[in-house]
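Examining the three-dimensional arrangement
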Amino acid sequence: MDIMLQTYLEETEELLQSAEECIIRLEIEYSPQEINELFRIVHTLKGSSQMMGYDDIGDLLHKMEDMLDLARGGLLEFDEALIGNCFDGLDTVSRMLEWKKEPTSDSEMVHLQNLASEISQRVDELIRLNKKDEEKSDEDKRETHLELGFVSSLLNKGKYNKETQGKNKFYATFVIEEEAPMISPVLMMILQTVDEIGSLLYSSVSDEFFNAQSPDENLRELEIIFTTDFEGRELSKHLEIFYVESIKITDLGQSEPRGKAQDKVLNDALDSTQILGLNEALDRAQNEGLNETLDNVRSEGRAKGQREILALIEKAQVFLREKELIRTFKPEGKDYISTLRKYSKELPDSTLLLGLDLRDLPLVCEKELRELISLKRELEEKLELVILVDGPQARRVVNIFDAIKKVAEFKVYKNEGEALLDTLNLREFFGKLGIG
Amino acid sequence: MSEKYNILIVDEGEPTLQTFKESLTLQGYKVDLYSKGQTALKKFKEKKYHIVLLHIELPDGDGIELLREMKEYDSLAQIIIMSSNSKMEKIISALEHGANDYIHKPVTPEILRELVDHSIAKLERWKKAMLHLIQ
């Protein structure tokens, strides 16, 4: 069986499964998100079936798509008859698929095709009889469709369909070329491409942008969070889109932490509209140190939003520590720099930062400075050597390293958390999540 | 030599100083201007400032006290006092508390420039001396 057919069959089976689950949920309770989701699945199924040349499947799905489109637009009642058609239609498609995978007899296929056309006719009848009289103008129709806008429908996919979430989570910033003639299509392309390779969880551009009479053509940046099964290094080739000048990608780690139960808090925390007081939390983190802040806020039982944010920071911290992005070395004895040098050689490749903890050693003599400078240069390619110092003597250390800035620029931080936040520009990222 | 010095201006933000901030920024210095003493002190403790232009008669507080706290936190910072009220005891008090320079308002851009250049020259000399030790 060739690869394309195999992929199509696998994907279609999954989509059918999702669609079925959608309908079941809709039976229990109607929700615009679910029906939109269902519409999209059917739409996708139609598209891929037509591409494979399976017109019998494609036509049936087309009818169902029309039906669902009217339903989500409010022009058709989502009632038992409609649900029935959905179930029957999907069931027939599923059986046709089975046949394509393992053909039984010709008569079987003919039978299925008859079923398909019967269902199509039922759908036509349903629409003819029940389609609401109010002739909505084209603009009204467009508005209704946009109610659950382009971006929200993509976002809901990511949120409600946990099965489609990839195992890796990334934060990405896209910068669009100045020469791009129009912004909206480029943004849509990006979002759609991301949707193809994974699930969108957050977008800095919302439905309002696309709904506006004249979208802001000056916008040049799009920030998103998404999950995908692809690894970081594979992403750039999948995200080659016209008019995108640059893409910056930050790995947020496994979307499902290794060996731990799925963390709903983490996923909820990424809903930008639920986050409150993020900047306040970060300020405290900066002043008190991340660990203390987490303890304090947890015991104080602060507002839901803040707790979630801190859970997010904690997760980031734990993850980052697990990945050993930063390691700290505390000097002991006179010849600590050669020990430091040996230590640095043992570190795994994933380590980005080596922190020298000078909390108890605020005065660094000339010889040590010289050695530190040369060590920093030695490590340059692999690791960045940074200084960690806190407390009353901190200012002296800051002054020392400030004085030698011309020769070597050592970054000085209060603690590991700060170093990481700074290095990975996470502060900027968290800050942006906090803004509405 | 505009090797990334950080300059802090604490003043109500009169136009001369605002313009001065802009011209310094254009030359590559990092300049921050705060009109409230408490905010300025907080920021001073968060980030390393090499030079401070401090208006001693700020509306919201005691300029001398601010000077004292800043000097205590980082005595290497060069703090230039600006005064609009020329009582002698204020000036003496400031210098006693460690002010590195003093100037009477209204200030002109030329004078400000001279003062900042002077402080930078000093810092540069110190740096050179220290670097000499470790090279």
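Please read all numbers here as calculations on a predicted model, not as lab measurements.

All right, on to the interface of chain B and chain A then. Chain B puts 18 residues into the contact, and the matching count from chain A is 14 residues. Between chain B and chain A, the buried area comes to about 1,500 Å², and carbon and sulfur atoms account for 54% of it. Counting across the interface, chain B meets chain A through 2 salt bridges. Across the pair R395 of chain A and D74 of chain B runs a salt bridge whose closest N-O atoms are separated by 3.2 Å. Our enumeration of links across chain B and chain A arrives at 6 residue pairs in polar contact (both at pLDDT 80 or more). Residue assignment for the side of chain B that touches chain A shows that the elements contributing at least two residues are α2 (37-46) and α5 (109-134) of chain B. Looking at which element gives the most residues to the side of chain B that touches chain A, the answer is α5 of chain B, with 6 residues. The residue makeup of the side of chain B that touches chain A, split by class, is 8 nonpolar, 2 polar and 8 charged.

This paragraph deals with the pattern of salt bridges. Residues and elements named next belong to chain A. Tallying each qualifying case throughout the model produces 27 salt bridges over all chains. Of the charged contacts, one joins R359 and D357 as a salt bridge, the two residues approaching to 3.1 Å between their closest N and O atoms. Residue classification places R359 among the partly exposed residues on the basis of a relative accessible area of 33%. Relative accessible area serves as the criterion here: at 7%, D357 is assigned to the buried category.

Right, let's get into helix α3 (residues 55-72) of chain A. Compared with the 26 Å implied by 1.5 Å per residue over 18 residues, the 25 Å span of α3 of chain A between its first and last C-alpha is a close match. At the C-terminal side of α3 of chain A, G74 of chain A shows a positive phi close to 85°.

Moving on, we get to helix α2 (residues 32-52) of chain A. In this model α2 of chain A runs 30 Å from its N-terminal to its C-terminal C-alpha over 21 residues, within 8% of the 30 Å that 1.5 Å per residue would give. Taken from the residues just after α2 of chain A, G53 of chain A is the one with a positive phi, measuring 90°.

Most peptide bonds adopt trans geometry, and most residues besides glycine take a negative phi value. The residue after K105 of chain B, namely P106 of chain B, is reached through a cis peptide bond having omega 0°. When you line up the elements, P106 of chain B lands in the loop between β5 (101-104) and α5. Even without glycine at this site, Y243 of chain A takes up a positive phi of about 70°. Tracing the backbone shows Y243 of chain A in the loop between α10 (232-238) and β4 (244-254).

Next up on the list: the sheet that holds strand β7 (residues 384-388) of chain A. Residue and element names in this part refer to chain A. Read from one edge to the other, the open sheet built from 4 strands follows the order β5-β6-β7-β8, with strand pairing classed as parallel. Either end of the sheet is taken by a strand with one partner, and the two such strands are β5 (326-329) and β8 (412-413). One ladder, built from 2 bridges, connects β7 with β8; its direction is parallel. Bridge pairing links L388 to Y413 in β8. Together, β5, β6 (353-357) and β7 form the strand contacts of helix α15 (residues 336-346), whose direction differs from that of β5 by roughly 155°.

Considering soluble globular proteins, one finds that nonpolar side chains tend to be buried as a cluster. Counting residues in hydrophobic clusters, the biggest one holds 42 residues, and the most contacted among them are Y8, L38, I57, L68, L76, F78 and L82 of chain A. Those residues in contact with L76 of chain A that lie beyond four places of it in its chain are M67, L70, A71, L82, L126, I127, N130, K131 and K132 of chain A.

Residue and element names in this part refer to chain A. Among the 8 residues of strand β3 (residues 221-228), 7 are classified as buried, and the element is accordingly described as predominantly covered. Summarising the sheet, strand β1 (residues 168-176) and β3 pair through 8 bridges and their orientation is antiparallel. Within β3, the residue paired with T173 across the bridge is E223. Bridging between strand β2 (residues 198-203) and β3 involves 5 bridges; their strand directions are antiparallel. Bridge pairing in β3 places G198 opposite T228.

Moving on: the confidence of the model for chain B. When pLDDT is averaged across chain B, the result is 87; 96% of the residues are at 70 or more. The ipTM assigned to the predicted complex is 0.70, against a pTM of 0.42.

Taken as a whole, this structure holds 9 aromatic pairs over all chains when the rule is applied. Ring centres of Y8 of chain A and Y54 of chain A lie 5.5 Å apart, and the angle between their planes is 55°; this geometry places the pair in the tilted category. Placement of the pair is Y8 of chain A in helix α1 (residues 3-28) and Y54 of chain A in the loop between α2 and α3, with a sequence separation of 46 residues. Neither Y8 of chain A nor Y54 of chain A differs from the other in exposure class; each is buried. Among the aromatic residues, those joined into a cluster by ring pairs are F44, Y49 and Y73 of chain B. In this arrangement the basic side chain of R72 of chain A is found over the ring face of F39 of chain A, its NZ or CZ atom lying 3.8 Å from the centre. Lying over the aromatic face of F410 of chain A, K376 of chain A brings its terminal NZ or CZ to 5.2 Å of the ring centre.

Conventions used here
Residues numbered from 1 in each chain as written. Chains lettered and ligands numbered in written order. Predicted model: local features only at pLDDT ≥ 70, side-chain atom pairs only at ≥ 80, totals over all residues. Heavy atoms only, no water. Contact = heavy atoms within 4.5 Å. Buried area = accessible area lost by both parts, 1.4 Å probe. Salt bridge = Lys/Arg side-chain N within 4 Å of Asp/Glu carboxyl O. Polar contact = N/O pair within 3.5 Å; in protein donor to acceptor, adjacent residues only side chain to side chain. Helix = DSSP H or I, 4+ residues; strand = E, 2+ residues; numbered from the N terminus. Nonpolar A, V, L, I, M, F, W, Y, C, P; charged D, E, K, R; others polar. Buried < 20%, exposed > 50% of the residue type's maximum accessible area, 1.4 Å probe, protein only. Expected span 1.5 Å × (residues − 1). Pairing = 2+ DSSP bridges. Axes fitted to C-alpha atoms, helices over the stretch in contact; angles between N-to-C directions. Core = buried A, V, L, I, M, F, W, Y, C linked by side-chain atoms within 4.5 Å. pLDDT = per-residue confidence, 0-100. Phe/Tyr/Trp six-rings, centres within 6.5 Å; stacked < 30°, edge-to-face > 60°. Lys NZ or Arg CZ within 6 Å of the ring centre and 35° of its normal.

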